[in-house]
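Here is what each chain is made of, one letter per residue.
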Amino acid sequence: MKTTVLFIIISIFSLTAYSQSAKDSLKKIVRERIKDIQNTQSDNSYYTKEDTENEYINENSTFQALALPTENSDLSDFFKIYLEKKLLKKIDFSKIKESYLYKNISNSKYNYTIRLTFELSKTGKATNCRINTGNKELDRKIIEVFKKYRLEKLALKESDKLGKISVQLFAKENKEIIIKASQFAVIDIPPIIKECDDLQLYWQLNKCFYDKLYAFLLKNISLKTLNNQDLRGEIIFSPRFTINKEGKITNVNSIAPNKVIKDEIDRVISSFNGIIKSGKRNNISKDSYCETYRTITIENLK
């Protein structure tokens, strides 16, 4: 009698414990695998082009209203001192827009601004800083400069360690790239589930959320359904869903090798009810779009 055994391989998407070179190598592998799955599921988009643009416009409008970027902010003045103006010429918006994040955004709707995101460590230092200027060397330089900035000037609180923090740094206006940085930080805290509500850092909260969700998926997925598909070996899939302002999972639309497996993954995720707090932006509840990639290995054991 054959038994179907499932294994979730989470570590390939968790880069915390690796050196920088190992992270870069692993990220490249992940990007290639994600590109493959996106290409094979191009007919299963989560948003229409119109929906994508509307979400993009609304998100940016909210961000701008909270961040209030200006050429004369304290953060702008800091970068004017420590970042050579000539380096701004290396910013390449054409490369930035090649990202899958912006592929459905028309030129007329794209806002031509650049943000830096980061998290707070236990000691309140900026960590996991990310920016995309279209030039990796410039990205590293900007992060190096930003880490010298005194974060207390952004009036961050202890509770902000639970969030991903964003600040605008640059904008393109009248065909010129300028330093136009945030006056205030924007903090996005992810949805929180029961078993994770005592954690203190963003990456812990985020990892705990997906770990618990996948433990639930493994416990409740139908082995019979998977076994009947005659698929063996490693299967990559991408759960996609929204957690609304009330903390409920909605609009589940996963990517999987076929519709039967997709429907089964969607069924299990839709039944997950462990969320106790919705995602928030600057302490205001918001809809949170969730997407990740995982693998299941299906093997027959005699």
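The structure we're discussing is the one just above.
Small disclaimer: the values here were computed from a predicted structure and weren't measured.

A. Looking closely at the nonpolar core. F79, F118, F146, L169 and F170 are the most contacted members of the largest nonpolar core, which has 64 residues in total. Element by element, the count of residues in this core is highest for helix α6 (residues 202–220), at seven residues. Apart from residues lying up to four places away in sequence, F170 is in contact with L83, L88, I91, Y112, T113, I114, I131, I142, I178, I179 and K180.

B. Here's a closer look at the pairing of strand β5 (residues 176–179). When strand β4 (residues 164–173) meets β5, the two strands line up antiparallel, connected through four bridges. Along β5, the bridge assignment pairs F170 with I179. Joining the antiparallel neighbours β4 and β5 is a turn of two residues, in which N174 adopts a positive phi near 50 degrees.

C. Molecular detail of the pattern of salt bridges. For the coordinates displayed, the defined rule picks out 17 salt bridges. The partner of E84 in a salt bridge is K86, with the nearest N and O atoms 3.6 Å apart. What makes E84 partly exposed here is its relative accessible area of 46%. Under the relative-accessibility criterion, K86 is labelled exposed at 57%. Its salt-bridge partner being E173, residue K180 comes within 2.7 Å of it at the nearest N-O pair. A relative accessible area of 21% places K180 in the partly exposed class. It is possible to trace a salt-bridge network through shared partners that takes in E59, R115, D188, R281 and K286.

D. Layout of a negative patch on the surface. Together, E50, D51, E55, E246 and D287 give the surface a local cluster of negative charge. In this structure, E55 sits in helix α2 (residues 49–67).

E. Just the environment of I249, in detail. Along the chain, the position of I249 falls in strand β10 (residues 249–250). Considering only alpha carbons, one finds I249 and S270, 21 residues apart in sequence, at a separation of 6.2 Å. Aside from chain neighbours lying at most four places away, what touches I249 is F241, T242, I243, I269, F272 and I275.

F. Region of interest: the pairing of strand β9 (residues 240–243). Burial along β9 is two-sided: the residues R240 and T242 and F241 and I243 are all buried. Where β9 meets strand β14 (residues 288–291), four bridges bridge the pair, whose relative direction is antiparallel. Bridge pairing in β14 links R240 to E291. Across two bridges, the pairing between β9 and β10 is antiparallel.

The rules behind each value
- Throughout this document, residue positions are counted from 1 along each chain, in the order its sequence is written.
- Thresholds applied to this predicted model are a pLDDT of at least 70 for local features of residues and 80 or more for the giving and counting of side-chain atom pairs; totals over whole chains, interfaces and linings are not thresholded and use all residues.
- Note: side-chain values were computed over all heavy atoms of the structure, leaving out hydrogens and water.
- For our purposes a nonpolar core is just a set of buried Ala, Val, Leu, Ile, Met, Phe, Trp, Tyr and Cys residues, chained together by side-chain atoms within 4.5 Å.
- Accessibility here uses a 1.4 Å probe with only protein chains present; expressed as a share of the type maximum, an area under 20% marks a residue as buried, one over 50% as exposed, and anything in between as partly exposed.
- Strands here mean DSSP runs of E at least two residues long; helices mean DSSP runs of H or I at least four residues long; both are numbered from the N terminus.
- The criterion used for residue contact is that any of the two residues' heavy atoms lie within 4.5 Å.
- Two strands pair if DSSP finds at least two bridges between them.
- Throughout this description, the term salt bridge denotes a Lys or Arg side-chain nitrogen within 4 Å of a carboxyl oxygen of Asp or Glu.
- Every patch collects residues that have over 30% relative accessible area and no salt bridge, joining them within 9 Å if they carry like charges and within 5 Å if they are nonpolar side chains (Val, Leu, Ile, Met, Phe, Trp, Tyr).
- Computed with the Shrake-Rupley method and a 1.4 Å probe, the accessible areas treat only the protein chains shown as cover for residues.
- When charges are counted, neither His nor the chain ends are considered; positive counts come from Lys and Arg and negative counts from Asp and Glu.
- Lysine's charge is taken at NZ, arginine's at CZ, aspartate's at CG and glutamate's at CD.

Any functional reading would require information that these geometric values do not contain.
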